[in-house]
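The chain contents come next:
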Amino acid sequence: MPNKGRIIYACPDNPNPSGGVRRLYRHVEILTRNGVEAYVMHQSRAFAITWFETDAKILYLDDRPEFLPTDTIVISEVMTRLMIDLRSSVAKRIVYALNWANIFKYMPIGINWPKLGITEAIAGSQYERHFILESMGIDAPVIASGTDSTLFSPAPEKHLQIAYMPRKEWLAPAILGTFRSMCPEHCMVPFVEIGSASHKEVAKYLTKAAIFLSATFPEGLARPPLEAMASGCIVVGFNGRGAAEYMKHGYNCYVAEDGDILGAVHGLKRAVEEIQTGAAQPMAAAARATALQYDLATEEKRVLSYWERRLSLVG
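Source: prediction; values computed, not measured.

J.: Go over the packing of helix H6 (residues 223-230) against helix H8 (residues 281-292) with me, naming the residues and quoting the values.
T.: The interhelical angle for the contact between H6 and H8, taken along N-to-C directions, is 120 degrees, at an axis separation of 7 Å. Accordingly, the angle class assigned to the pair H6 and H8 is oblique. Crossing angle aside, the handedness with which H6 passes H8 is left-handed. Between H6 and H8, the contacting residues are Leu 226, Met 229 and Ala 230 on the first element and Ala 287, Arg 288, Thr 290 and Ala 291 on the second. A breakdown of the residues in the contact of H6 with H8 according to their chemical character gives five nonpolar, one polar and one charged.

Encoded structure:
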């Protein structure tokens, strides 16, 4: 790959498990392995990631790093303040958008990336690409997230339980409470909450669970449902728009309209009953096959292809 300066991924100081944070780190790890000078950049020197292991090199804005014209800074879509602060920087700036719903959430009304001098972006999903193109006229190439299909793989024996992550406030409890009310015949099916677990701990939960409730929206290319598919779970719930490219209702999961609690409950009921009768195996196999299309090796190829192409075009 051409050696044309540093590639710096600006990352929020977010201590909680986050697929977006993991993606930024993974890009830097991939680039570093392939001989590129790449860094993750955090705000505070006191901050450190604790929920996954990484060998990525770190920079801190606290140290007031000097940016050069040969540097490229990749900024998460949530970091509008940094986009503004770096507006006069000599470094090149690119936004990496991992959740379409965050793009304008953190920007003053009437402001967009071109008005901040940013005309390049990377999208995390096909829907993000469409959203960016429609809203700002920027055609952002897609680099989809990868899933570790070895870490996330089915256990020899699955347990009839519904795993879920307590994100986006009230939705998961509302769905599960409605399920208990509507389906008393399945009152013995346990719910397994996956809280602030490490990446490896999440894999242990999903490997054993037969069903995963995807109860969040809006989303980019949501990774928990993809990891659950890799683990052989029957995924039920919302695609958040961004995950529509891989969540196919009736084929590899059961999709309800975003926010449709009753639809999600009907999907859970169907999944439980098909697991009990043995009819769920084709869907579980299709889910695993889907997840394998988003493996880590494919993600690495996409990352390297993007940067090789981009660096070959810049002087």
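Following the structure, the description resumes.
J.: Account for the sheet that holds strand S6 (residues 121-123), with residues named and values stated.
T.: Spatial strand order, S3-S2-S1-S4-S5-S6: six strands in an open sheet with parallel pairing. Both edges of this open sheet fall to strand S3 (58-60) and S6, since each of them pairs with a single strand only. Geometrically, the sheet is characterised by an average inter-axis angle of 25 degrees between neighbouring strands, direction not taken into account. In this structure, strand S1 (residues 7-10) lies alongside strand S4 (residues 72-76), joined through four bridges in parallel fashion. Pairing of Tyr 9 across the sheet is with Val 74, part of S4. Running over the sheet, helix H1 (residues 19-33) touches S1, strand S2 (38-42), S3, S4 and strand S5 (92-97) and is turned about 155 degrees from S2.

J.: For unusual backbone geometry, give the residues involved together with the corresponding values.
T.: Across residues other than glycine, the phi torsion is negative in most instances, and most of the peptide bonds are trans. Geometrically, the link from Phe 217 to Pro 218 is a cis peptide bond, its omega value of -5 degrees lying close to zero. Tracing the chain through its elements places Pro 218 in the loop between strand S9 (209-214) and H6. Backbone geometry at Arg 64 places phi at a positive 50 degrees, although glycine is not the residue there. You can see Arg 64 is positioned in the loop between S3 and S4. The exposed category is assigned to Arg 64, whose relative accessible area is 75%. Look at Arg 241: it is not a glycine, yet its phi comes out positive at around 80 degrees. Assignment of secondary structure puts Arg 241 in the loop between strand S10 (234-237) and strand S11 (253-255). Looking at Arg 241, the relative accessible area reads 47%, which means it is partly exposed.

J.: An account of the packing of aromatic side chains is requested, with residue identities and associated values reported.
T.: In this description, a pair of aromatic rings is defined by centroid distance and the angle of the planes. Tallied over the full model, the rule gives ten aromatic pairs. Taking the centre distance of 5.6 Å and the plane angle of 50 degrees together, the rings of Trp 100 and Phe 131 count as tilted. Here Trp 100 is found in the loop between S5 and S6, whereas its partner Phe 131 is found in helix H3 (residues 126-136), with 31 residues between them in sequence. On the numbers, 5.0 Å between centres and 80 degrees between planes, the contact of Tyr 306 with Trp 307 is edge-to-face. Look at Trp 307 and you get buried, because its relative accessible area is 0%. A network of ring pairs unites the aromatic residues Trp 100, Phe 104, Tyr 127 and Phe 131 as a single cluster. Seen from the ring of Tyr 39, Lys 57 lies directly overhead, with NZ or CZ sitting 4.9 Å from the centre.

Conventions and cut-offs
Residues numbered from 1 in each chain as written. Predicted model: local features only at pLDDT ≥ 70, side-chain atom pairs only at ≥ 80, totals over all residues. Heavy atoms only, no water. Axes fitted to C-alpha atoms, helices over the stretch in contact; angles between N-to-C directions. Helix = DSSP H or I, 4+ residues; strand = E, 2+ residues; numbered from the N terminus. Parallel < 35°, antiparallel > 145°, perpendicular 65-115°, else oblique. Left-handed = near helix turned anticlockwise from the far one by under 90°. Contact = heavy atoms within 4.5 Å. Nonpolar A, V, L, I, M, F, W, Y, C, P; charged D, E, K, R; others polar. Pairing = 2+ DSSP bridges. Buried < 20%, exposed > 50% of the residue type's maximum accessible area, 1.4 Å probe, protein only. Phe/Tyr/Trp six-rings, centres within 6.5 Å; stacked < 30°, edge-to-face > 60°. Lys NZ or Arg CZ within 6 Å of the ring centre and 35° of its normal.

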